[in-house]
Amino acid sequence: MLLSLMNMLVFGIAGFLLMYIFYRPHLQKFAQTQQVSFNILPLPYIAILYTIGTITAYFFADNQDFIEPLTLLRAFLPLFCAAMIYISFMLSGNKGLYLSTIVAVALSVWQQPFGIAIQSWGISPYAIYPALFFIGVAFCLGMLVFNILPHLPIIQLAAILFGICILCFVGASPLFVALCAALLIGLLCAFLSLNYYEIKTDLDDGACVSAAYLVYYLMLLNLGELSFPSCLIFTMFVWAELVVALYHKYILSTGGMLRENTNCYAGAEVLTLQGLSANVLRICAVLLFIGWFQLFAVNQYSLLIVAFGLALWLGGSLGRTQPNSLKEINQEFIGELKQNITATKNLILKNKKDDEEK
């Protein structure tokens, strides 16, 4: 375990230093001249370094620790698909982004073997594979709701990757997956460090979805390793924010873009970049803790529900400027719940009345 930890640290530090060294000069030049060029796009650097790191990890790690054998196609398919997503976004905008993401996730899910771990769930593959497809598409495209500031998607993705590294440390994830996760943490954190106190360049939607896809693919590699439910728990803040955004936009009809209806957006209006980042990181830390416990759970579902409820609850506190006591938080939570129920009921009654009048 100690050797695995040292290897993960080496890959993580190497990823951070290489990304920082190669990307920083171009970002500094852009900050001075404000001349937009291909050199300031972060994903090409991340993609090239991640490709080199993946090849290194494949031949460096002993891939015999996979329950389901790791093939060359399963190892290197995400490199092609991530490039396809980003190129499609650059050429065709959002339409290309959505279509290429659907194709990439479909190919990725199709490549995962229906092995012992999945069979132990007692669910038909005709249900599991479509579910994994819809989860993957929703996760990758749903990461866009965090792309208000570059801090938010990167912190969320880095936290999920850190959780995968924890799973490897306790023997629940293969070393190859953990090395790729550690490398990607380093690459993403290097970009974040250059934009942490002052945003010099945004994370474009294509880069955001491509990075999310790489993370989801690493989660899929844990599908046959009995630790995929833990990986899902690490992502619960994404699902909580998606539900909040969809509820506000389509049920309460607040209008605006989907990302403008999230708790993160509300927090960004009242908190500093560093304060908002710290609060999001705390929520992710809670989910990492619950995800670790999932390894010892008697079923695959109970802690998923608990994690989602906590993410939903904690996310609602992002817009607060001052911390409240536990009693005040409970009262506020109940009050907001009643208010939302009442607003939803009134909206349903109004729509029903309008339909009757028509």
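Just so we're clear, the structure is a prediction, and the values are computed from it rather than from any experiment.

**Student:** Before we move on, could you go through the overall build of the protein chain and cite the residues and values that matter?
**Tutor:** Each helix and strand in the protein chain was counted, giving 14 helices and zero strands. For the protein chain, the proportion of its 358 residues judged to be buried stands at 48%. The contacts of the protein chain with a sequence gap of at least 6 include a subset with a gap of at least 24, amounting to 75%. Only carbon and sulfur atoms are counted for the fraction: they give 68% of the accessible area of the protein chain, which is about 17300 Å².

**Student:** So what's going on with the nonpolar core? Residues and values would help.
**Tutor:** Most often, soluble globular proteins have nonpolar side chains that are buried together. Membership of the largest hydrophobic core comes to 110 residues, with the highest contact counts inside it found for Phe139, Phe176 and Tyr213. Sorting elements by how many residues they give to this core places helix H7 (residues 175-195) first, with 17 residues. Among all residues touching Tyr213, those that are not within four sequence positions of it are Leu77, Pro78, Cys81, Ala82, Ile85, Ala104, Val105, Ser108 and Cys140.

**Student:** Now, about the packing of aromatic side chains: what can you tell me, with residues and values included?
**Tutor:** Taken as a whole and judged by the stated rule, the model has 16 aromatic pairs. Seen in terms of ring centroids, Tyr58 and Phe59 are 5.1 Å apart; in terms of plane orientation they differ by 90°. Their pairing is edge-to-face. Accessibility expressed as a relative area gives 15% for Tyr58, which makes it buried. Taken together, Tyr58, Phe59, Phe66, Phe76 and Phe176 form an aromatic cluster joined through their ring pairs.

**Student:** Before we move on, could you go through the environment of Thr262 and cite the residues and values that matter?
**Tutor:** In this fold, Thr262 is placed in the loop between helix H10 (236-251) and helix H11 (263-270). Classification of Thr262 by relative accessible area gives buried; the value is 4%. There is a polar contact of 3.1 Å between the side chain of Thr262 and the backbone oxygen of Arg259.

**Student:** Could you give an account of the packing of H7 against helix H8 (residues 205-221), naming the residues involved and the relevant values?
**Tutor:** Contact pair H7 / H8: the axes reach a minimum separation of 10 Å and the direction vectors enclose 160°. As summarised for this structure, H7 and H8 are arranged roughly antiparallel, according to the angle between their axes. Classified by chirality, the crossing of H8 by H7 is left-handed. Taken together, the residues of H8 that come into contact with H7 (itself represented by Phe176, Val177, Cys180, Ala181, Leu184 and Leu188) are Ala211, Leu214, Val215, Leu218 and Leu221. The residue inventory of the contact of H7 with H8, partitioned by class, reads 11 nonpolar, no polar and no charged.

**Student:** Mind laying out the state of the cysteines, listing which residues take part and the relevant values?
**Tutor:** As used here, a disulfide is simply a covalent bond connecting the sulfur atoms of two cysteines. In this structure the tally under the stated criterion is zero disulfides. Residue Cys180 stays outside any disulfide, its sulfur separated by 10.0 Å from that of Cys165, the closest cysteine. Note on Cys180: relative accessible area 1%, which makes it buried.

**Student:** Quick one: what's the story with the packing of helix H1 (residues 2-33) against helix H2 (residues 42-60), residue by residue and with numbers?
**Tutor:** At their nearest, the axes of H1 and H2 sit 10 Å apart, and the two run at 155° to each other. Here H1 is positioned roughly antiparallel relative to H2, judged by the angle of their axes. The crossing of H1 and H2 is right-handed. Residues Asn7, Phe11, Leu18, Met19, Phe22, Tyr23 and His26 of H1 form the contact with H2, whose own contacting residues are Pro42, Tyr45, Ile46, Leu49, Gly53, Thr56, Ala57 and Phe60. Of the residues in the contact of H1 with H2, the class split is 11 nonpolar, four polar and no charged.

**Student:** Before we move on, can you summarise helix H3 (residues 72-110) with the specific residues and values?
**Tutor:** Between its first and last C-alpha, H3 extends only 15 Å over 39 residues, short of the 57 Å set by a 1.5 Å rise per residue. The largest bend in H3 comes to about 150°, at Ser92.

**Student:** Describe the environment of Phe22, with residues and values.
**Tutor:** Note on placement: Phe22 falls in helix H1. Taking relative accessible area as the criterion, Phe22 reaches 46% and is therefore assigned partly exposed. Sequence separation of Phe22 and Tyr45 is 23 residues, and the distance between their C-alpha atoms is 7.7 Å.

**Student:** So what's going on with the environment of Leu152? Which residues, and what values?
**Tutor:** Relative to the helices and strands, Leu152 resides in helix H6 (residues 151-169). For Leu152, a relative accessible area of 0% corresponds to the buried category. Sequence spacing of Leu152 and Ser277 is 125 residues, and the spatial spacing of their C-alpha atoms is 6.8 Å. Beyond its immediate chain neighbours, meaning those up to four positions away, Leu152 contacts Phe146, Cys264, Leu276 and Val280.

**Student:** If you had to explain the side chain of Asn195 to someone new, which residues and values would you point to?
**Tutor:** You can see Asn195 is positioned in helix H7. At 2.9 Å, the side chain of Asn195 and the backbone oxygen of Phe191 are in polar contact. Excluding anything up to four places from it in sequence, Asn195 contacts Leu27, His151, Lys200 and Thr201.

**Student:** Talk me through helix H12 (residues 273-294); I want residue IDs and the actual numbers.
**Tutor:** Along its 22 residues, H12 runs 32 Å from first to last C-alpha, staying within 8% of the 32 Å computed at 1.5 Å per residue. Regarding H12, the residues found buried are Leu276, Ser277, Val280, Ile283, Cys284, Leu287, Leu288, Ile290, Gly291 and Gln294. Tucked inside the fold, the buried residues of H12 contact H6, helix H9 (228-234), H10, H11 and helix H13 (302-315).

Quick notes on the rules
- Residues numbered from 1 in each chain as written.
- Predicted model: local features only at pLDDT ≥ 70, side-chain atom pairs only at ≥ 80, totals over all residues.
- Heavy atoms only, no water.
- Helix = DSSP H or I, 4+ residues; strand = E, 2+ residues; numbered from the N terminus.
- Buried < 20%, exposed > 50% of the residue type's maximum accessible area, 1.4 Å probe, protein only.
- Contact = heavy atoms within 4.5 Å.
- Areas by Shrake-Rupley, 256 points an atom, 1.4 Å probe, with all protein chains shown as cover.
- Core = buried A, V, L, I, M, F, W, Y, C linked by side-chain atoms within 4.5 Å.
- Phe/Tyr/Trp six-rings, centres within 6.5 Å; stacked < 30°, edge-to-face > 60°.
- Polar contact = N/O pair within 3.5 Å; in protein donor to acceptor, adjacent residues only side chain to side chain.
- Axes fitted to C-alpha atoms, helices over the stretch in contact; angles between N-to-C directions.
- Parallel < 35°, antiparallel > 145°, perpendicular 65-115°, else oblique.
- Left-handed = near helix turned anticlockwise from the far one by under 90°.
- Nonpolar A, V, L, I, M, F, W, Y, C, P; charged D, E, K, R; others polar.
- Disulfide = S-S within 2.5 Å.
- Expected span 1.5 Å × (residues − 1).
- Bend = angle between axes of the 7 residues up to and from the residue.

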